[in-house]
Amino acid sequence: MTHVHYKFFSAVNNYTALFDWPNITLMDLKSYIMDREKLRFSDLQVTDAQTKQEYKDDDALIPRGSSVIVRRIPRIGAKVRPSPGSCGKEPADFNHPKR
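K.L.:
Could you give an account of the pairing of strand β7 (residues 67–74), naming the residues involved and the relevant values?
P.N.:
Bridge count for strand β1 (residues 2–8) against β7 is four bridges, and the pairing is parallel. Each residue of the ladder has a partner; that of Tyr 6, found in β7, is Val 68. Summarising the sheet, strand β4 (residues 42–48) and β7 pair through seven bridges and their orientation is antiparallel. Note that in β7 the partner of Leu 44 across the bridge is Arg 72.

Right, dumping it as structure tokens:
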């Protein structure tokens, strides 16, 4: 098995993605990380940890043994339900506390 090490930009811990191929595409690595970390409504920005070069093409090959830095970025067009009171509007089923 081969591996790619990844770390979130704001995190301390490093993680390892294991796979059976000599290289992994950016799209496959993003899918692996999003599934493992249970991320939704966001996209990932992946940067080589040594060269600081961002991988932009989903078909780009990331060689085994590489280390990358991952940042969560908002997915364009994603609809996220705001929490109550966050945008000045409250959901219809929101109950005000009694005074």
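After that view, the rundown keeps rolling.
K.L.:
Describe the sheet that holds β4, with residues and values.
P.N.:
The five strands lie next to each other as β2-β1-β7-β4-β5, forming an open sheet whose pairing is mixed. Each edge of the open sheet carries a strand with a single partner, namely β2 (14–19) and β5 (54–55). Sheet topology note: the β4/β5 ladder contains two bridges and is antiparallel. Counted as the bridge partner of Thr 47 is Glu 54 from β5. Docked against the sheet, helix α1 (residues 26–37) engages β1, β2, β4, β5 and β7, running at close to 125° with respect to β4.

K.L.:
Mind laying out the nonpolar core, listing which residues take part and the relevant values?
P.N.:
Judged by nonpolar contacts, the single largest core of 18 residues is most densely connected at Leu 29, Ile 62 and Val 68. If you tally residues by element for this core, the top one is α1, at four residues. For Val 68, the contacting residues outside a window of four places in its chain are Val 4, His 5, Tyr 6, Lys 7, Leu 29, Val 46, Thr 47, Asp 48, Ala 49, Tyr 55 and Ile 62.

K.L.:
How would you summarise the pairing of β2 if you had to cite specific residues and measurements?
P.N.:
Taken together, the six bridges between β1 and β2 define a ladder with antiparallel strand orientation. The residue of β2 that forms the bridge with His 5 is Thr 16. Between the antiparallel neighbours β1 and β2 lie five residues.

K.L.:
Describe the packing of aromatic side chains, with residues and values.
P.N.:
Applying the stated criterion across every chain, the model contains three aromatic pairs. Taken together, a centroid distance of 6.2 Å and an interplanar angle of 20° make the contact between Phe 19 and Trp 21 stacked. One aromatic cluster is present, formed by Tyr 6, Phe 8 and Tyr 15 through successive ring pairs. Taking NZ or CZ as reference, Arg 71 lies 3.7 Å from the ring centre of Phe 9, over its face. We note Arg 72 situated over the ring of Phe 8; from NZ or CZ to the ring centre the distance is 5.2 Å.

Rules of the game
Residues numbered from 1 in each chain as written. Predicted model: local features only at pLDDT ≥ 70, side-chain atom pairs only at ≥ 80, totals over all residues. Heavy atoms only, no water. Pairing = 2+ DSSP bridges. Helix = DSSP H or I, 4+ residues; strand = E, 2+ residues; numbered from the N terminus. Contact = heavy atoms within 4.5 Å. Axes fitted to C-alpha atoms, helices over the stretch in contact; angles between N-to-C directions. Core = buried A, V, L, I, M, F, W, Y, C linked by side-chain atoms within 4.5 Å. Buried < 20%, exposed > 50% of the residue type's maximum accessible area, 1.4 Å probe, protein only. Phe/Tyr/Trp six-rings, centres within 6.5 Å; stacked < 30°, edge-to-face > 60°. Lys NZ or Arg CZ within 6 Å of the ring centre and 35° of its normal.

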